Amino acid sequence: EEGTVLSFFEKTKYSVRAFKAQRKCDGETLCGDSCETFRDGAGSFCCVLSDGMGTGSRAALDSVMTSSLMSRLLKSGFNEDIAFDAVNSALMVNSADETMATLDILRIDLNTGKAEFMKAGSSFSVVCRSGRTAVVERSSLPLGIIGETRFERSETQLSSGDRVIMISDGASYLPFEFFKKALHDKKDADEKELARYILE
């Protein structure tokens, strides 16, 4: 049997255009990063980015499990702290081997423009707001290490035309000044072109 699922959302003041670009390590068949974007059904846009520790299939498995489970819980209406505990517990019992993954969540209220960053072991993010560029870099421990860990949270106010760049550790060696220059040099580029430029 085949079926169709229709989702209806209330019209919001803001909308988001997003694009992800990723590359696997040399010699590997899979990328250790995973990213999901979605509307949560309550007027917010969410981006969930995870980076599994290490490289290859093991890192890919950990990051996909982390991002997909977190996304499903948020879509189902769970509070992010409760969802965080569930994902952390799942990683800790996943196998006898050490399993760790970072978690980086951006939630934007599409009615107010308020953006909330929730980071656990993740790299910094870059925000270009009204032409001014800033970095968001508060982060706690990754998931899968200890039972009692929490997000580090930051908030900012966004408006039309503002941009956010979320990165995993593969790009975090690039200095903040690189991203600032990229946003200036590519200010007229769409999100796809900008993401690919940074990846290259």
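Refer to the structure above for everything that follows.
Residues numbered from 1 in each chain as written. Predicted model: local features only at pLDDT ≥ 70, side-chain atom pairs only at ≥ 80, totals over all residues. Heavy atoms only, no water.

Draft legend 1. Spotlight on the overall build of the protein. Within the protein one finds 4 helices and 8 strands. From first element to last, N terminus to C terminus, the protein shows the α and β order β-β-α-α-β-β-β-β-β-β-α-α. On C-alpha atoms alone, the protein measures out to a radius of gyration of 17 Å, which is about the 16 Å that the 2.2 N^0.38 rule sets for 200 residues. With respect to the three principal axes, the spread of C-alpha positions in the protein is 50 × 40 × 40 Å. Out of the 200 residues in the protein, the part that is buried amounts to 44%. A sequence separation of at least 24 residues applies to 63% of the contacts in the protein between residues at least 6 apart. (Helix = DSSP H or I, 4+ residues; strand = E, 2+ residues; numbered from the N terminus. Rg over C-alpha atoms; globule rule 2.2 N^0.38 Å. Buried < 20%, exposed > 50% of the residue type's maximum accessible area, 1.4 Å probe, protein only. Contact = heavy atoms within 4.5 Å.)

Draft legend 2. Here's a closer look at the sheet that holds strand 2 (residues 44–52). Strand order in the open sheet formed by 5 strands is 1-2-3-4-7, with antiparallel pairing between adjacent strands. Either end of the sheet is taken by a strand with one partner, and the two such strands are strand 1 (33–39) and strand 7 (152–157). With direction set aside, neighbouring strand axes in the sheet form an average angle of 10 degrees. (Pairing = 2+ DSSP bridges. Axes fitted to C-alpha atoms, helices over the stretch in contact; angles between N-to-C directions.)

Draft legend 3. Structural context of the sheet that holds strand 5 (residues 125–129). Taken together, the 3 strands give an open sheet; going across it, the order is 6-5-8, and neighbouring strands pair in antiparallel fashion. Because the sheet does not close on itself, it has two edges, and the strands there are strand 6 (132–136) and strand 8 (163–166). On average, each strand axis in the sheet is tilted by 15 degrees relative to the strand beside it, whichever way the strands run. Pairing geometry for strand 5 and strand 6, over 5 bridges, is antiparallel. Paired with Cys-128 across the two strands is Thr-133, which belongs to strand 6. Sitting on the sheet, helix 3 (residues 176–185) touches strand 5, strand 6 and strand 8, and the angle it makes with strand 6 is about 145 degrees.

Draft legend 4. View of the pairing of strand 5. Most of strand 5 sits out of view: 4 of its 5 residues are buried. The hairpin formed by strand 5 and strand 6 contains 2 residues between the paired strands, and Ser-130 there has a positive phi angle of roughly 55 degrees. Of the strand pairs in this sheet, strand 5 and strand 8 are connected by 4 bridges, and their pairing is antiparallel. Counted as the bridge partner of Ser-125 is Met-166 from strand 8.

Draft legend 5. How the structure looks around the environment of Arg-23. In this structure, Arg-23 sits in the segment before strand 1. Looking at Arg-23, the relative accessible area reads 45%, which means it is partly exposed. C-alpha separation for the pair Arg-23 and Asp-33, spaced 10 residues apart in sequence, amounts to 8.7 Å. Excluding anything up to four places from it in sequence, Arg-23 contacts Cys-31, Leu-199 and Glu-200. A distance of 3.0 Å separates the side chain of Arg-23 from the side chain of Glu-200, its partner in a polar contact. (Polar contact = N/O pair within 3.5 Å; in protein donor to acceptor, adjacent residues only side chain to side chain.)

Nothing here speaks to function; it is geometry throughout.
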